[in-house]
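# What the coordinates show
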Amino acid sequence: FGVIIAARLYDNWGHVGYAAVLGGLMSPLILQPLLLPSLTCDEDKPLLQRYSFKANLWMLVFGFIGNYWYTHYFYNVMKASYTMQSWDINGVPIPMFFATHFYFCFYHTLSNMAIRKVQTTYHADWARWGYTVALVCVLSYITAFLEALTISGYSCYAFGDRHKAWVYGSAFYGIYFLVSFPMFLRLDEPSEDLTPFPPSSSKPPAPN
């Protein structure tokens, strides 16, 4: 997708071209739970219990909500606009729903790796909890900022004020990942690995 944007291969695409290319980039992720579940060690599980199915479902729902409603924050506050030729849903080009899916899969894979690295490296205590919270906040902002920065290279998407969109819009967009990154980590994660605090004996005493 980066090559497509950098080389402006989209310049002559129309409604069908955008839908076909971005839908094609999304389709391997959608089809993997059905056709190649062994990639995620799910081949012995029913479809609805496969991690890959749950991950795809999370991304589809979360991505749809973000595109359908959240995009209008950028339209109304950041004065963002699309000029691509495309069918749309609620004013958002349908291919952007497809692109969001593979973008979000990439983001959440990296966030899982980073958070899990903290959980497997440090003992479960309040310091690790604080470090994890800080890590999620930083990852959320950086992810949002880099997306806003890189999408500026796409000539069919524009902001009224790019600097404002990069700095302040990314902070607002990052709130979306503050929720999604920790929740996505919980998919099929062993319960003991999700305990954010040390054993009860190490917890601060309850107030009288």
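Conventions adopted
- Residues numbered from 1 in each chain as written.
- Predicted model: local features only at pLDDT ≥ 70, side-chain atom pairs only at ≥ 80, totals over all residues.
- Heavy atoms only, no water.
- Helix = DSSP H or I, 4+ residues; strand = E, 2+ residues; numbered from the N terminus.
- Expected span 1.5 Å × (residues − 1).
- Buried < 20%, exposed > 50% of the residue type's maximum accessible area, 1.4 Å probe, protein only.
- Contact = heavy atoms within 4.5 Å.
- Polar contact = N/O pair within 3.5 Å; in protein donor to acceptor, adjacent residues only side chain to side chain.
- Phe/Tyr/Trp six-rings, centres within 6.5 Å; stacked < 30°, edge-to-face > 60°.
- Disulfide = S-S within 2.5 Å.
- Salt bridge = Lys/Arg side-chain N within 4 Å of Asp/Glu carboxyl O.
- Core = buried A, V, L, I, M, F, W, Y, C linked by side-chain atoms within 4.5 Å.
- Axes fitted to C-alpha atoms, helices over the stretch in contact; angles between N-to-C directions.
- Left-handed = near helix turned anticlockwise from the far one by under 90°.
- Nonpolar A, V, L, I, M, F, W, Y, C, P; charged D, E, K, R; others polar.

## Observations regarding helix H6 (residues 162-185)
Helix length check: H6 (24 residues) gives 32 Å between terminal C-alpha atoms against 34 Å at 1.5 Å per residue, within 8%. What H6 keeps buried is the set Ala-165, Gly-169, Ser-170, Tyr-173, Gly-174, Tyr-176, Phe-177, Ser-180, Phe-181, Phe-184 and Leu-185. Along its buried surface, H6 packs onto helix H3 (51-76), helix H4 (94-121) and helix H5 (126-151). With a side-chain oxygen lying 3.1 Å from the backbone nitrogen of His-163, the N-terminal cap of H6 falls on Asp-161.

## As for the packing of aromatic side chains
By the definition in use, this model includes 28 aromatic pairs. For the ring pair Phe-102 and Tyr-103, a centre distance of 5.8 Å and an interplane angle of 45 degrees mean the geometry is tilted. For the ring pair Tyr-173 and Phe-177, a centre distance of 5.1 Å and an interplane angle of 55 degrees mean the geometry is tilted. Remark: Phe-177 and Tyr-173 occur in helix H6; sequence separation between them is four residues, near one turn of the helix. Here Tyr-173 and Phe-177 have matching classes, each one buried.

## Focus on the state of the cysteines
Following the criterion strictly, the structure yields zero disulfides and no others. Distance from the sulfur of Cys-41, which forms no disulfide, to the nearest cysteine sulfur (Cys-105) is 17 Å.

## Considering helix H2 (residues 15-35)
Counted at 1.5 Å a residue, the expected span for H2 with its 21 residues is 30 Å, and the 28 Å between its end C-alpha atoms agrees. All buried positions along H2 are accounted for by Tyr-18, Leu-22, Gly-23, Met-26, Gln-32 and Pro-33. Residues of H2 that are buried in the fold lie against H3 and H4.

## Considering the pattern of salt bridges
Under the counting rule described, the total for this entry stands at two salt bridges. Here Asp-11 and Arg-8 are joined by a salt bridge, their closest N and O atoms 3.1 Å apart. Given a relative accessible area of 41%, Asp-11 falls into the partly exposed group. The shortest N-O distance in the salt bridge between Lys-45 and Asp-42 comes to 3.9 Å.

## Quick notes on the nonpolar core
General note: in soluble globular proteins, nonpolar side chains tend to be found buried as a group. Counting residues in each nonpolar core, the largest one holds 43 residues, and the members touching the most others are Tyr-10, Phe-74, Phe-104, Tyr-154, Phe-159 and Tyr-173. Put simply, the parts of the chain that give this core at least two residues each are helix H1 (2-6), H2, H3, H4, H5 and H6. For Phe-159, the contacting residues outside a window of four places in its chain are Phe-74, Met-78, Lys-79, Ala-80, Ala-148, Ile-151, Ser-152 and Ala-165.

## A closer look at the side chain of Ser-140
Note on placement: Ser-140 falls in helix H5. Of the polar contacts made by the side chain of Ser-140, one reaches the backbone oxygen of Val-136; its length is 2.7 Å. A distance of 3.3 Å separates a polar atom in the side chain of Ser-140 from the backbone nitrogen of Leu-178. Each residue touching Ser-140, except ones within four places of it in the same chain, is listed here: Gly-174, Phe-177, Leu-178 and Phe-181.

## Regarding the packing of H2 against H3
The interhelical angle for the contact between H2 and H3, taken along N-to-C directions, is 150 degrees, at an axis separation of 9 Å. Handedness of the crossing formed by H2 with H3: left-handed. Residues Leu-29, Ile-30, Gln-32 and Pro-33 of H2 pack against Ser-52, Phe-53, Asn-56 and Leu-60 of H3. Split into classes, the residues belonging to the contact of H2 with H3 amount to five nonpolar, three polar and no charged.

## Let's talk about the environment of Leu-60
Mapping Leu-60 onto the fold places it in helix H3. Assessed through its relative accessible area of 40%, Leu-60 is described here as partly exposed. Once the C-alpha coordinates of Leu-60 and Ser-170 are considered, the two residues, 110 residues apart in sequence, prove to be 21 Å apart. Non-local contacts of Leu-60, meaning those with residues more than four positions away in its chain, are made with Ile-30 and His-101.

## Description of unusual backbone geometry
Even without glycine at this site, Cys-41 takes up a positive phi of about 55 degrees. Within the secondary structure, Cys-41 is located in the loop between H2 and H3. For Cys-41, a relative accessible area of 63% gives the class exposed. In this structure, Asn-90 is a non-glycine residue whose phi angle is positive, near 55 degrees. You can see Asn-90 is positioned in the loop between strand S2 (88-89) and strand S3 (92-93). Classification of Asn-90 by relative accessible area gives partly exposed; the value is 33%.

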